[in-house]
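# Residue-level structure breakdown
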Protein chains: 2
Amino acid sequence: MNLEKNLRQIAKGAQIASRLLSGLSTAVKNKTLKDMSRALLAHKETIKKANQKDLSSARKLGFSQAFIDRLTLNDKRIKEMVDSLSGLVKLADPVGETIKKWTRPNGLEIHKVRVPIGVALIIYESRPNVTAECIGLCFKSGNSVILRGGKEAVQTNLAIYKILQAVLKRNRIPEGAVNMVATTDRRAINILLKLDKYIDLVMPRGGEGLIKKVVSLSRIPVIKHYKGICHVFVDKYADLAMAEKICFNAKVQRPGVCNAMESMLVHQDIAKKFLPAMIEIFKKAGVEIRGCTKTAKIVKGIKAASEKDYHTEYLDLISSVKVVDSVKAAIEHINNYGTHHSDAIVTKNKLNAEKFLREVDSACVYLNASTRFTDGYQFGLGAEIGISTDKLHARGPMALEELTTYKYVVFGDGQIRS
Amino acid sequence: MNLEKNLRQIAKGAQIASRLLSGLSTAVKNKTLKDMSRALLAHKETIKKANQKDLSSARKLGFSQAFIDRLTLNDKRIKEMVDSLSGLVKLADPVGETIKKWTRPNGLEIHKVRVPIGVALIIYESRPNVTAECIGLCFKSGNSVILRGGKEAVQTNLAIYKILQAVLKRNRIPEGAVNMVATTDRRAINILLKLDKYIDLVMPRGGEGLIKKVVSLSRIPVIKHYKGICHVFVDKYADLAMAEKICFNAKVQRPGVCNAMESMLVHQDIAKKFLPAMIEIFKKAGVEIRGCTKTAKIVKGIKAASEKDYHTEYLDLISSVKVVDSVKAAIEHINNYGTHHSDAIVTKNKLNAEKFLREVDSACVYLNASTRFTDGYQFGLGAEIGISTDKLHARGPMALEELTTYKYVVFGDGQIRS
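Owing to the predicted nature of the structure, the values given are computational and were not obtained by experimental measurement.

On to the overall build of chain A. Regarding its fold elements, chain A presents 16 helices and 16 strands. Relative to the compact-globule value of 22 Å for 418 residues, chain A shows a C-alpha radius of gyration of 24 Å, a close match. In terms of its C-alpha atoms, chain A occupies a principal-axis envelope of roughly 70 × 70 × 40 Å. Residues classed as buried in chain A amount to 51% of the 418 residues present. At a minimum sequence separation of 6, the contacts of chain A that also span at least 24 residues come to 73%.

Quick look at the structure:
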């Protein structure tokens, strides 16, 4: 009961603060962000000390090395956090922009104006660098934020939170602008997800289990940053040298991220020409191939792909391969097995390209380029809070603008409706 | 089990159809809409006969006269449905528009392109004219629709559905573009709301109970068209003659709709001057006033407003009245008791106007105009599917453009990430 009251209080405070944040000038926001950035650097040792506590608990509990890696904040990662905060200063403030305006025949002047969303709840797992990034992005876009990080990173998260909270205080920003729910009580998420009176948006950042839980419990609108099962389709009209380069880049350049290729589709008419060399290149780079029966006929000795493989985000040096008999079959496969994230076609045929780009139902569709470009910086949007695989409100890279909404401000001089 | 399988089949069919709809030309969509409009007119008697069945059941079950009114389709209402479909032909097709495009230093050309959302589920109550309107709006914006209407209107809805489905067939549009769930099984909604693999958006149109149920059960993103507790605040710097006109219009011109005023806030410094005449005018128009203690001191013999009154959408000739001591107090009252729909300030003071327009957290905020203008046609957007009281994706009038989303189409010539 106390927990519920406490969380409601936090959410209410966040809402009250959000109304003040929405009116803050860009100058004040930028000054505060600079101070935040400096404070993190100045208190580097405090952060590292707190991180050591989390790391030692995690080791005692026998977490995997990959987990320990994600949890670790070293000088380099702290520098990245510091830079991400100061980098926000240079980005344009989306708040207050008049998106459109027009005048009605009765003289009413209608302005569609960009405003912050209000209060964002971010639920994430063990990467503590997310804490500073999310605080910075929400603050610059004029939103209050409630953070609920993984319990394994709680000491690190609290250290970062306290340092940034002190900066808010010095800049006379209400405490409710940034909130951290650090209780170990597992009911916290369930309670928070019902507070739709105060919280406007929830973004789960983490594995499938977390996202499914949030979607099924939440009364608050959710924007999902879901996994990326991304495809490259090599059409029969592809420039095969280009296709080789693109597939290799999409798979190998950084396999552990959501915009990496997990599945390569190849048109049957060029499969015999393309696959042997491509798979050889992949093998040399240590990529394990799991192929369909047609692939196995063309290249001997490769592992067979199961139905499950086509649904799997490996995030590793593994790729499924499927030979398909048409653009249509490629599109259907992608729409059925993909996650509506990023998918590419390599082709010189205009009609096939148009069909693919139109009918593949993904946030980002590419012609003759690597899927690895789905990223706020690569798109030129700046820092992002994630890649939305949802269709409403924000799709693809979610940068500062996607953390805003709009309102209609209507100017009259006595108009009434007849 | 059969019901679940059946609904899954419908949702899957709607998704498949949506992929074809998204590529339909504007000409084909407009031709089909014209045919739909003509078909409804041609089969007017069939619709009226079906409506008679629903009306006679509703009378037997003892429904109220207001309910029977909403359920009734007479010649005039059928004509409105016919006109709403043919009116869509004239509106611009939002699909395919390039919202923005830019080229990156590496030569990648990024196009942000407007596309349909996919599959919309609309859950509504007893007004059968909603059926044709929603089919038309979703079709023109390239979305498949699944309709779940109130069981009391099922005969009428089915008649309209069958007439329009025949038009789709003649125009070679897949059946899955328009779907009606007419089963009397009450589990249908619960099952549909879990089909987030196929359905992209749910819009509940109806009372508070329905909306709360949908929000708590749905795994699909919901856009709420919630009630409107709209306010007019008469500032101490108001032109009182203008304020009188605006408050009267907002309350009386059509009290049964969501953008009508439910609560009037008056600055204490002009309350003595403004309230007696205003309340007299309201009384003459048959408006019942429920006032705060300060109001009651100024105008004798009026009913006292309870806390509950400020939370009530009367949709009737009743208004709560509250005297407040500042713009700030007015804003706080509106943000606490309102429903983030439409709120107005009447003032000649620029600073007060700016403060109100910025800090009132509503979809539409007005300066010196009636709240009654919150409407797709009044805004010049054309037909609307509702007024969103949510903040994500669509806020305020939801017309054709708000029934679309975007995707990024990226054109390369071999770009890879380094």
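Moving on, we get to the interface of chain B and chain A. Taken together, the contacts link 55 residues of chain B with 55 residues of chain A. Among the secondary structure elements, those contributing two or more residues to the side of chain B that touches chain A are helix 9 (208–217), helix 10 (240–252), helix 15 (350–359), strand 13 (364–369) and strand 16 (404–415) of chain B. A per-element tally of the side of chain B that touches chain A places strand 16 of chain B first, with eleven residues. Split into classes, the residues belonging to the side of chain B that touches chain A amount to 25 nonpolar, 15 polar and 15 charged. In terms of strand pairing, strand 16 (residues 404–415) of chain A meets strand 13 of chain B through five bridges, oriented parallel. Paired with Phe411 of chain A across the two strands is Leu367 of chain B, which belongs to strand 13 of chain B.

It is worth spelling out the packing of helix 2 (residues 26–42) of chain B against helix 7 (residues 154–170) of chain B at this point. Residues and elements named next belong to chain B. At a minimum axis separation of 9 Å, helix 2 and helix 7 run at an interaxial angle of 140 degrees. The handedness of the crossing between helix 2 and helix 7 comes out as right-handed. Contacts between helix 2 and helix 7 involve Thr32, Asp35, Met36, Ala39 and Leu40 on the former and, on the latter, Ile163, Leu164, Ala166, Val167, Leu168 and Arg170. Class assignment for the residues of the contact of helix 2 with helix 7 results in eight nonpolar, one polar and two charged.

Take the sheet that holds strand 11 (residues 318–324) of chain A next. What links the strands of a sheet is backbone hydrogen bonding, and the strands pair in either a parallel or an antiparallel sense. Read from one edge to the other, the open sheet built from ten strands follows the order 10(A)-9(A)-11(A)-8(A)-7(A)-12(A)-13(A)-16(B)-2(B)-1(B), with strand pairing classed as mixed. The open sheet has two edge strands with one neighbour each: strand 10 (303–304) of chain A together with strand 1 (98–103) of chain B. On the sheet, helix 11 (residues 268–284) of chain A packs against strand 7 (230–234), strand 8 (261–267), strand 9 (288–291) and strand 11 of chain A and is oriented at approximately 145 degrees with respect to strand 8 of chain A.

Unusually for a residue other than glycine, His393 of chain A sits at a positive phi of about 70 degrees. Within the secondary structure, His393 of chain A sits in the loop between strand 14 (386–388) and strand 15 (396–398). Backbone geometry places His340 of chain B, a non-glycine residue, at a positive phi of 60 degrees. For His340 of chain B, the position within the fold is in the loop between helix 14 (327–337) and strand 12 (342–346).

Turning our eyes to something else, we now look at the pairing of strand 13 (residues 364–369) of chain A. Residue and element names in this part refer to chain A. Along strand 13, six of the six residues are buried, which leaves the element largely enclosed by surrounding structure. Here strand 12 (residues 342–346) pairs with strand 13 via four bridges, running parallel. By the bridge assignment for strand 13, Asp343 is matched with Val365. Handedness of the β-α-β unit built from strand 12, helix 15 (residues 350–359) and strand 13 comes out right-handed.

This brings us to the relation of the copies chain B and chain A. Mapping one chain copy onto the other needs a rotation about an axis and a shift along that axis. For these two chains of identical sequence, chain B goes onto chain A by a turn of 180 degrees and a shift of 0.0 Å along the axis, with RMSD 0.1 Å. Taken together, the rotation and translation relating the two chain copies correspond to the operation of a two-fold axis. Proximity to the rotation axis, assessed at the C-alpha, singles out His393 of chain B in chain B; its C-alpha lies 1.9 Å from the axis. Interface overlap between copies: 100% of the residues of chain B at the interface are likewise at the interface in chain A, consistent with a symmetric, same-surface contact.

Residue and element names in this part refer to chain A. Read from one edge of the open sheet, four strands run 5-4-3-6, paired in parallel fashion. Of all the strands in the sheet, just strand 5 (178–180) and strand 6 (201–205) have a single pairing partner and so form its edges. Between one strand axis and the next, the sheet turns through 20 degrees on average, direction left out of account. Strand direction decides the pairing type here: strand 4 (residues 144–148) and strand 5, joined by three bridges, are parallel. The residue bridging Leu147 from the neighbouring strand is Met180, located in strand 5. Against the sheet, helix 1 (residues 2–21) makes contact with strand 3 (119–124), strand 4 and strand 5, and its axis sits at roughly 145 degrees relative to strand 4, the strand it touches most. Here helix 6 (residues 129–140) sits on the sheet and contacts strand 3, strand 4, strand 5 and strand 6; the angle it forms with strand 4, its principal contact strand, is near 165 degrees.

All names here are of chain A. Under the domain assignment, chain A is made up of domain 1 (2–226 + 393–411) and domain 2 (230–378). Contacts between domain 1 and domain 2 engage five residues on the former and six residues on the latter. Residue classes in the side of domain 1 that touches domain 2 are distributed as three nonpolar, one polar and one charged.

It is worth spelling out the nonpolar core at this point. The biggest cluster of nonpolar side chains holds 187 residues, and the ones touching the most others in it are Ile146, Val202 and Val232 of chain A together with Ile146 and Val202 of chain B. Ignoring anything within four residues of it in the chain, the contact list for Val202 of chain B reads Leu121, Ile123, Leu193, Val214, Ser218, Ile220 and Val222 of chain B. By size, the runner-up hydrophobic cluster in this structure holds 50 residues, among which are Met264, Phe274, Ile331 and Val360 of chain B.

All names here are of chain A. Along the chain, the position of Val115 falls in strand 2 (residues 109–116). Residue Val115 is classed as buried on the basis of its C-beta count, with 23 C-beta atoms lying within 10 Å. Separated by 112 residues in the primary sequence, Val115 and Leu3 have C-alpha atoms spaced 31 Å apart. Setting aside chain neighbours within four positions, we find Val115 in contact with Ser22, Val95, Thr404, Thr405, Tyr406 and Lys407.

For chain A, per-residue confidence averages 96 on the pLDDT scale, and residues scoring 70 or more make up 100% of the total. The ipTM, which scores confidence in the relative placement of chains, is 0.95 for this predicted complex, and the corresponding pTM is 0.95.

Let us look at the environment of Val409 of chain A. Relative to the elements of secondary structure, Val409 of chain A occurs in strand 16. On the basis of neighbour counts, which here come to 22 C-beta atoms within 10 Å, the residue Val409 of chain A falls in the buried class. Considered as a pair, Val409 of chain A and Ile189 of chain A are 220 residues apart in the sequence and their alpha carbons are 35 Å apart. In this structure, Val409 of chain A is in contact with His111 and Val113 of chain A together with Leu357 and Val365 of chain B, ignoring residues within four places of it in sequence.

Turning next to helix 5 (residues 75–90) of chain A. An α-helix turns once per 3.6 residues; consequently, residues spaced three or four apart project the same way. Residue and element names in this part refer to chain A. Compared with the 22 Å implied by 1.5 Å per residue over 16 residues, the 23 Å span of helix 5 between its first and last C-alpha is a close match. Considered for burial, the residues of helix 5 that qualify are Ile78, Met81, Leu85 and Leu88. For helix 5, the arc enclosing every buried residue in end-on projection is 85 degrees, short of the 170-degree limit, so these residues lie on one face. Seen from the open side of helix 5, the exposed residues pointing more than 90 degrees away from its buried face are Asp75, Lys76 and Lys90.

Now for the pairing of strand 3 of chain A. Residue and element names in this part refer to chain A. Burial of strand 3 is extensive: six of the six residues sit out of reach of the surface. Alternating positions in strand 3 separate into two faces, Val119, Leu121 and Ile123 on one and Ala120, Ile122 and Tyr124 on the other, with burial throughout. Pairing of strand 3 with strand 4 involves five bridges; the strand directions are parallel. Across the sheet, residue Leu121 finds its bridge partner in strand 4, namely Ile146. As for the winding sense of the linkage, the β-α-β connection from strand 3 through helix 6 to strand 4 is right-handed. Across five bridges, the pairing between strand 3 and strand 6 is parallel. If you follow Ile122 over to strand 6, its bridge partner there is Met203.

Cut-off values and rules
Residues numbered from 1 in each chain as written. Chains lettered and ligands numbered in written order. Predicted model: local features only at pLDDT ≥ 70, side-chain atom pairs only at ≥ 80, totals over all residues. Helix = DSSP H or I, 4+ residues; strand = E, 2+ residues; numbered from the N terminus. Rg over C-alpha atoms; globule rule 2.2 N^0.38 Å. Buried ≥ 20, exposed ≤ 12 C-beta atoms within 10 Å, placed from the backbone. Contact = placed C-beta atoms within 7 Å. Nonpolar A, V, L, I, M, F, W, Y, C, P; charged D, E, K, R; others polar. Pairing = 2+ DSSP bridges. Axes fitted to C-alpha atoms, helices over the stretch in contact; angles between N-to-C directions. Left-handed = near helix turned anticlockwise from the far one by under 90°. Right-handed = clockwise from strand over helix to strand, strands pointing away. Least-squares fit on C-alpha atoms with pLDDT ≥ 70 in both. Domains from an automatic or database assignment. Core = buried A, V, L, I, M, F, W, Y, C linked by C-beta atoms within 7 Å. pLDDT = per-residue confidence, 0-100. Expected span 1.5 Å × (residues − 1). Arc of directions from axis to C-beta.

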